[in-house]
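Fold and geometry: a report
Listed below, chain by chain, are the residues.
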Amino acid sequence: MITIYDYIIIGFYLVFMLVIGLVFRRMSKNTSDYFRAGGAMPWWLTGASAWIFSFSAWTFTGAAGKVYESGLLVLCVFYATILALVFALTFTCFRFRRMRVISWMEAVRLRYGAFNEQFYTWVKLPLQLLFAGVG
């Protein structure tokens, strides 16, 4: 049962997030500012930030429940992604650096054109909504 205090907390959180967005919107003028603080952060800190960003609530709650149900076999999924990430990073890092891009969509636009960037974005949008709903 949701009480008035719950609604107050939810309202405070929404207003707080809106104020933070308005305060910090002037600090990010382009993708470099957004993804890597305009180059002011060291590479390892930017990479750690991107890695932590990939965690979700499911990582801490759903995965823990799945491990409780199924045992440690679920950890193989997490450890298998390490190999995939190492392969993806070694394949893309040098190319992204050579192309002087910050995000992967910039690389798609430079390599394949604006039409393909838009096409990929609009195809991926409903799929991401579906995956978020399933998650």
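To be clear, the structure that these remarks concern was listed above.
Note that this is a predicted model, so its numbers are computed, not measured.

This brings us to the side chain of E117. Summarising the element assignment, E117 is placed in helix 8 (residues 114–134). Here E117 is in contact with M105, V108 and R109, once residues within four sequence places are set aside.

As for its position among the elements, V86 is in helix 6 (residues 74–99). Taking the relative accessible area as the measure of exposure, V86 reaches 48% and is therefore partly exposed. In sequence terms V86 and G21 are 65 residues apart; their C-alpha atoms lie 33 Å from each other.

What follows deals with a nonpolar patch on the surface. Taken together, the side chains of I10, F12, Y13, L14, V15, F16, M17, V19, I20, V23, F24 and M27 present a nonpolar region at the surface, about 1200 Å² in accessible area. Relative to the assigned elements, M17 resides in helix 1 (residues 4–24).

Interhelical geometry of helix 7 (residues 104–112) versus helix 8 gives an angle of 140° and a closest axis separation of 6 Å. On the basis of their axis angle, the class for helix 7 and helix 8 is oblique. Every residue of helix 8 that contacts helix 7 at W104, M105, V108, R109 and Y112 is listed here: A114, N116, E117, Y120, T121 and K124. Residue composition of the contact of helix 7 with helix 8, grouped by class: six nonpolar, two polar and three charged.

Here is what the cut-offs are and how they apply
- Residues numbered from 1 in each chain as written.
- Predicted model: local features only at pLDDT ≥ 70, side-chain atom pairs only at ≥ 80, totals over all residues.
- Heavy atoms only, no water.
- Helix = DSSP H or I, 4+ residues; strand = E, 2+ residues; numbered from the N terminus.
- Contact = heavy atoms within 4.5 Å.
- Buried < 20%, exposed > 50% of the residue type's maximum accessible area, 1.4 Å probe, protein only.
- Patch = residues over 30% accessible without salt bridge, like charges linked within 9 Å, V, L, I, M, F, W, Y side chains within 5 Å.
- Areas by Shrake-Rupley, 256 points an atom, 1.4 Å probe, with all protein chains shown as cover.
- Salt bridge = Lys/Arg side-chain N within 4 Å of Asp/Glu carboxyl O.
- Axes fitted to C-alpha atoms, helices over the stretch in contact; angles between N-to-C directions.
- Parallel < 35°, antiparallel > 145°, perpendicular 65-115°, else oblique.
- Nonpolar A, V, L, I, M, F, W, Y, C, P; charged D, E, K, R; others polar.

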